[in-house]
Amino acid sequence: MIVYTSIKDIQSAIRQHRADGHSIGFVPTMGALHRGHISLLEQSIKENDINIVSIFINPIQFNNKQDLEKYPRTLEDDCKKLEEAGCSIVFAPSAGEMYPEEVKEHYDFGQLEKVMEGEHRSGHFNGVAVVVKRLFDICMPNKAYFGEKDFQQLAIIKALVEQENMPLEIIGCPIIREEDGLAMSSRNVRLSPEERSIAPEIFKSLNWIRQQAGERSIGEILILAEEKLNAMPGMKVEYICIADEDTLMPVQSWDEADNIRAFIALFMGDVRLIDNLKIK
Ligand code: PAF
């Protein structure tokens, strides 16, 4: 496994691989790797000759300075995990390498960026789109892998690739959970033992929504689920949304769309967690 920090160096290595006819799989990450990330890499390894993982904590996608400062930084440990899992290339640039000049790009994803994470984290998806576009240009992958935990991010990236006519395939991969149901996230390590023991309520709540679907109205379910989560010590719901999986627009009734998914974002103490579950 080779670790590159320079764009010029990784690009010349990738050009050589492409000239040799190797297919390239790519997993963009912000490090603090867990089994969720490794499952993306494993999927990439199954489908490609050369597998690249980027590790870059992208400052421009954080709308909260504290969240950026507290984001775990574990490069050495991450590289060990990647080598063990069979990664070929790591790209770990500095912020100066990725952003030598002021960022001017502005993407428009219409309604897709106006709901949920887009509504609550101003500028977040533009920051994600800017870095992902640059990473795709640098790594030139045939396929790139993203987890469904960030379901809206996955939709935005598919839209980005279509808008920019980029010649690659975006593959969405299932959420990997702890045994008690908590979705794997780099932020989980910031939970205190007590917070960690309560955090699985998020997945329980999503399952409760699925179980109640069709029995109660969406309006009633949203109120009850929010009340229940907010009653947990230290939990504060930011939003619960039941939406059309394809457009991400909230639905008012169960027959409004063929594919429906429930989404939750909340604060557990000062740690922001998100999760989602397919309902139908
Ligand atoms: O999902 C993430 O970790 C990040 O948003 C991504 C896609 C690596 C862009 O910084």
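Everything below is about the structure printed above this text.
This write-up is about the structure you can find in this document. (Residues numbered from 1 in each chain as written. Predicted model: local features only at pLDDT ≥ 70, side-chain atom pairs only at ≥ 80, totals over all residues. Heavy atoms only, no water.)

1. A closer look at the site of the ligand
- Lining the immediate surroundings of the ligand are Pro 28, Thr 29, Met 30, Asn 58, Gln 61, Val 131, Phe 146 and Gln 153.
- Separating an oxygen atom of the ligand from a side-chain N or O atom of Gln 153 is a distance of 2.7 Å.
- Bound to the protein, the ligand loses 89% of the 290 Å² it would expose on its own.
- Considered class by class, the residues forming the shell around the ligand number four nonpolar, four polar and no charged. (Near = heavy atom within 4 Å. Polar contact = N/O pair within 3.5 Å; in protein donor to acceptor, adjacent residues only side chain to side chain. Areas by Shrake-Rupley, 256 points an atom, 1.4 Å probe, with all protein chains shown as cover. Nonpolar A, V, L, I, M, F, W, Y, C, P; charged D, E, K, R; others polar.)

2. As for the packing of helix α2 (residues 35-47) against helix α4 (residues 75-85)
- Two elements in contact, α2 and α4, have axes separated by 10 Å at closest approach and are oriented at 35°. In the crossing of α2 with α4, the sense of the turn from one axis to the other is right-handed. Between α2 and α4, the contacting residues are Ile 38, Leu 41 and Ile 45 on the first element and Lys 81, Leu 82 and Ala 85 on the second.
- Here the residues of the contact of α2 with α4 sort into five nonpolar, no polar and one charged. (Axes fitted to C-alpha atoms, helices over the stretch in contact; angles between N-to-C directions. Helix = DSSP H or I, 4+ residues; strand = E, 2+ residues; numbered from the N terminus. Left-handed = near helix turned anticlockwise from the far one by under 90°. Contact = heavy atoms within 4.5 Å.)

3. Side note on the side chain of Lys 149
- Take Lys 149: it is sitting in the loop between β5 (143-147) and α8 (151-163).
- Buried within the structure, Lys 149 lacks any salt-bridge partner; Asp 150 is the closest side chain of opposite charge, at an N-O distance of 4.4 Å.
- The contacts of Lys 149, once residues within four sequence positions are left out, are Ile 175, Ala 183, Met 184, Ser 185, Ile 274 and Asn 276. (Buried < 20%, exposed > 50% of the residue type's maximum accessible area, 1.4 Å probe, protein only. Lys, Arg positive; Asp, Glu negative; His and termini not counted. Salt bridge = Lys/Arg side-chain N within 4 Å of Asp/Glu carboxyl O.)

4. Remarks on the sheet that holds strand β8 (residues 260-268)
- The three strands lie next to each other as β7-β8-β9, forming an open sheet whose pairing is antiparallel. Looking at the sheet topology across the chains shown, the edges are occupied by β7 (235-244) and β9 (271-278). The sheet shows a mean angle of 15° between the axes of neighbouring strands, direction not considered.
- Across eight bridges, β8 lies against β9 in antiparallel orientation. Within β9, the residue paired with Met 268 across the bridge is Val 271.
- Along the sheet, helix α11 (residues 218-230) makes contact with β7 and β8, crossing β7 at roughly 155°. (Pairing = 2+ DSSP bridges.)

5. Some details on the packing of helix α1 (residues 7-19) against helix α7 (residues 124-139)
- As a packed pair, α1 and α7 sit with axes 8 Å apart at the nearest point and diverge in direction by 50°. Here α1 lies oblique to α7, going by the angle between them. Within the contact between the two elements, α1 uses Ile 7, Ile 10, Gln 11 and Ile 14 and α7 uses Asp 137, Ile 138 and Cys 139.
- Here the contact of α1 with α7 is composed, by residue class, of five nonpolar, one polar and one charged. (Parallel < 35°, antiparallel > 145°, perpendicular 65-115°, else oblique.)

6. Points about the packing of aromatic side chains
- Throughout the structure, instances matching the rule amount to six aromatic pairs.
- A ring pair is formed by Phe 136 and Phe 146, whose centres lie 6.3 Å apart and whose planes are at 75°; its orientation type is edge-to-face. Linking Phe 136 in helix α7 with Phe 146 in strand β5, this pair joins segments that are 10 residues apart in sequence.
- On the basis of relative accessible area, Phe 136 is assigned to the buried category, the value being 2%.
- Among the aromatic residues, ring-to-ring pairing joins Phe 26, Phe 136 and Phe 146 into one connected group. (Phe/Tyr/Trp six-rings, centres within 6.5 Å; stacked < 30°, edge-to-face > 60°.)

7. Considering the nonpolar core
- Grouped together as the largest cluster of nonpolar side chains are 49 residues, with contacts concentrated most on Ile 10, Ile 52, Met 98, Phe 136 and Ile 170.
- Here this core takes 10 residues from α7, the largest share from any one element.
- Apart from residues lying up to four places away in sequence, Ile 170 is in contact with Phe 136, Ala 144, Phe 146, Leu 154, Ile 157, Lys 158 and Val 161. (Core = buried A, V, L, I, M, F, W, Y, C linked by side-chain atoms within 4.5 Å.)

8. Looking at the pattern of salt bridges
- Within this structure, the stated rule accounts for 19 salt bridges.
- A salt bridge links Arg 190 to Asp 67, with the shortest nitrogen-to-oxygen separation between them at 3.5 Å. Of this pair, Arg 190 sits in the loop between β6 (169-173) and α9 (193-198) while Asp 67 sits in helix α3 (residues 65-70), placing them 123 residues apart in sequence. Each of the two residues, Arg 190 as well as Asp 67, counts as buried.
- Across the salt bridge formed by Lys 278 and Glu 245, the nearest N and O atoms sit 3.1 Å from each other. Here Lys 278, found in strand β9, pairs with Glu 245, found in the loop between β7 and β8; they are 33 residues apart in sequence, far enough to count as distant.
- For Lys 278, a relative accessible area of 31% gives the class partly exposed.
- Taken together, the shared-partner salt bridges connect Asp 67, Lys 70, Arg 187, Arg 190 and Asp 270 into one network.

Read these as layout, nothing more, since geometry by itself doesn't imply function.
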